[in-house]
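# Structural features, examined
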Amino acid sequence: MIDVRKALFGYSEWRWIFFFNKESWLSRKSKNGWVHKKRHSGKSGMALLLGPLFRSQNAPDPPPPPPTPPPELVWEDEV
Amino acid sequence: MNRQLNEINLLRAIACIAVVVTHSITNYAKTYEPALFDQDKFITYFRFALLWATPVFVMISEVLISKNYPNGVRKGFLLKRVKYILVPYILIGLLKSYMHSEGQWSVFFQRSWEIVVLGHWHGFFVLVIFQFYILHILLGRFLQKSHPLPPILISFVLSFTYLYIHAGNKEYRVFIEQVYPFWDRTIFIGWLFYFVVAFYIGQNYERVLIFFTKHFYIPLITAVVSYVMMMNRVMDRVFVSVKSDRYDMLIFALSVFILALVLLRMIKKPNHTLIKLSHFSFFIYLTHQLTLPYLSNLTQTVANTFWSHVVILTFLGLATSIGWAMLFYESRLTKLFTGRIKALDQLAR
């Protein structure tokens with residue numbers, strides 16, 4: 001009998017459309033043995049696209065941007 | 001004195017004082033560099049609370065034209081305004097150019113081009129008013145026939161969108177600089193909302209004032225709400241330009257304008273000092289910025305607090321411009337600098 005879930009998601013290259021990264025519920029289920037090979041980078045395509053929103057817990061935090069001084073009032077009447 | 005115009009004269013004088021006060025605050029801030037976002041933030045709140053002055057001055061101009069010429073302007077309308085408004089603008093502009101020319105002719109010509117022709121100075125509002133005259137001649141009939149609501153809404157969307165994009169998008173500012181040769185603050189789209197609203201207020205002056213006298217809470221609420229919204233953007237440092245042509249100023253300035261007319265109408269006895277000041281207001285607007293920086297240096301020697309500095313500097317700024325106007329009005333040649341000053345005409349009679 002065909003495992004529909006496996007057929008749809010398990011080995012499909014399109015899996016990244018539905019799941020953002022390896023921390024998804026699908027990966028957790030993989031421990032039960034019905035899913036697949038690991039992606040080479042450990043990060044799906046969508047994770048790369050939406051990286052800042054759905055960053056993998058394993059990925060190191062990007063370095064903080066250098067502090068910029070807050071803007072001061074711009075006196076536009078002095079011309 | 002026309003009773004109907006009393007409140008407009010008073011408001012013009014108050015707007016004129018407000019402009020001198022705002023520029024006095026600028027001079028104070030430049031000298032003492034107070035902490036405008038921390039312990040001295042009351043200065044920022046006070047400064048922005050007065051920014052309605054230039055839009056109100058511009059709206060008064062259109063209200064009067066629309067009220068006095070409900071069926072189209074008279075012959076010679078523009079010529080008269082060229083003589084009394086544009087000529088003083090050019091001459092005072094040349095004077096400012098000379099003050100910033102470092103004694104060199106080439107710099108003087110360069111400055112004159114930037115200031116007088118392109119409007120890159122505080123007298124830019126004259127170019128806005130002149131565009132209003134032309135808009136009034138071109139659109140007056142159409143606006144008169146139309147229901148007020150669609151033009152008011154469309155002009156609000158146009159002005160707001162222009163000012164909003166202009167404030168936040170650098171590429172757009174560069175684009176405007178490329179396609180519009182004059183100073184970008186003079187472009188009429190940013191002021192269109194004031195023009196259309198002032199046109200309809202002028203056409204229906206009595207009805208509008210009676211309505212808002214009955215429902216004065218409407219401009220009161222919109223003034224407070226729009227001021228709070230504007231100050232949120234300023235104190236969060238989202239939009240920090242200290243200027244009157246801000247997108248969040250449109251409703252605030254209009255609300256203050258209507259509220260002030262309603263309140264000033266309640267004053268039964270005309271205040272002659274303010275009415276006289278109103279007659280000098282155009283010349284004060286044009287000239288006070290020429291002397292304020294020097295007077296600010298003088299004020300430093302006698303004032304040691306924010307309020308004393310601003311009060312003394314405002315007084316000196318107003319007095320210097322009025323004194324200057326009175327002297328210039330004595331000769332036919334120098335009278336060209338001042339334009340027509342009704343109070344001095346009455347004095348001569």
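Figured I'd write up the structure that's included with this text. Only a predicted model underlies this, so the values are computations on that prediction, with no experimental measurement involved.

Bringing the overall build of chain A into the picture now. On a plain count of helices and strands, chain A comes out with 4 helices and 1 strand. For chain A, with 79 residues in total, the buried portion stands at 24%. For chain A, restricting intrachain contacts to residue pairs at least 6 apart in sequence, the fraction spanning at least 24 positions comes to 55%. Approximately 6,300 Å² of chain A is accessible, and the part contributed by carbon and sulfur atoms is 63%.

Tallying secondary structure elements over chain B gives 16 helices and 1 strand in all. Looking at the 349 residues of chain B, the share that counts as buried comes to 53%. Considering only intrachain contacts with a sequence separation of at least 6, the fraction spanning at least 24 residues in chain B is 79%. When the accessible surface of chain B is totalled, it reaches about 16,900 Å², and 66% of it is carbon and sulfur.

Here we come to the pattern of salt bridges. Residues and elements named next belong to chain B. Applying the stated criterion across every chain yields a total of 7 salt bridges over all chains. A salt bridge links Arg265 to Glu7, with the shortest nitrogen-to-oxygen separation between them at 3.2 Å. Taken together, the positions of Arg265 in helix H12 (residues 250-265) and Glu7 in helix H1 (residues 3-32) put the pair 258 residues apart, joining distant regions of the chain. By sharing partners, the salt bridges in this structure join Glu7, Glu206 and Arg265 into a single network.

Residue and element names in this part refer to chain B. Following both chains from N to C, one finds helix H7 (residues 149-168) and helix H8 (residues 170-179) inclined at 110 degrees, their axes separated by 5 Å at the closest point. In terms of orientation, H7 and H8 fall into the roughly perpendicular class. Residue-level inspection shows Tyr162, Ile165, His166, Ala167 and Gly168 of H7 in contact with H8, the latter providing Lys170, Tyr172, Arg173 and Ile176. Considering only residue class, the contact of H7 with H8 consists of 5 nonpolar, 2 polar and 2 charged.

A separate point is the nonpolar core. Within the largest apolar cluster, 114 residues are counted, with the highest numbers of intra-cluster contacts made by A:Leu73, B:Phe48, B:Trp52, B:Tyr194, B:Ile201 and B:Phe257. Considering each element in turn, this core owes the most residues, 13 residues, to H1(B). Look past the residues within four positions of B:Tyr194 in its chain and what remains in contact with it is B:Pro55, B:Met59, B:Phe132, B:Ser244, B:Met249, B:Leu250 and B:Ala253.

Looking at the element boundaries, B:Thr54 is found in helix H3 (residues 53-68). If near-sequence neighbours (up to four positions away) are discounted, B:Thr54 is found in contact with B:Val19, B:Phe125, B:Trp191, B:Ser244 and B:Tyr285.

Before going further, it helps to spend a moment on the interface of chain A and chain B. Of the residues lining the interface, 10 residues belong to chain A; the matching set on chain B comes to 23 residues. Both sides together, the interface formed by chain A and chain B hides about 1,500 Å², and carbon and sulfur atoms give 60% of it. On the surface where chain A and chain B come into contact, there are 1 salt bridge. Here B:Arg237 ties to A:Glu72 by a salt bridge, and the two come within 3.3 Å at their closest N and O atoms. Between chain A and chain B we count 7 residue pairs in polar contact (both at pLDDT 80 or more) in total. Tallied by class, residues from the side of chain A that touches chain B come to 6 nonpolar, no polar and 4 charged. Pairing analysis gives 2 bridges linking strand S1 (residues 74-75) of chain A to strand S1 (residues 241-242) of chain B, with the strands arranged parallel. Counterpart to A:Trp75 in the pairing with S1(B) is B:Val242.

Criteria and cut-off values
- Residues numbered from 1 in each chain as written.
- Chains lettered and ligands numbered in written order.
- Predicted model: local features only at pLDDT ≥ 70, side-chain atom pairs only at ≥ 80, totals over all residues.
- Heavy atoms only, no water.
- Helix = DSSP H or I, 4+ residues; strand = E, 2+ residues; numbered from the N terminus.
- Buried < 20%, exposed > 50% of the residue type's maximum accessible area, 1.4 Å probe, protein only.
- Contact = heavy atoms within 4.5 Å.
- Areas by Shrake-Rupley, 256 points an atom, 1.4 Å probe, with all protein chains shown as cover.
- Salt bridge = Lys/Arg side-chain N within 4 Å of Asp/Glu carboxyl O.
- Axes fitted to C-alpha atoms, helices over the stretch in contact; angles between N-to-C directions.
- Parallel < 35°, antiparallel > 145°, perpendicular 65-115°, else oblique.
- Nonpolar A, V, L, I, M, F, W, Y, C, P; charged D, E, K, R; others polar.
- Core = buried A, V, L, I, M, F, W, Y, C linked by side-chain atoms within 4.5 Å.
- Buried area = accessible area lost by both parts, 1.4 Å probe.
- Polar contact = N/O pair within 3.5 Å; in protein donor to acceptor, adjacent residues only side chain to side chain.
- Pairing = 2+ DSSP bridges.

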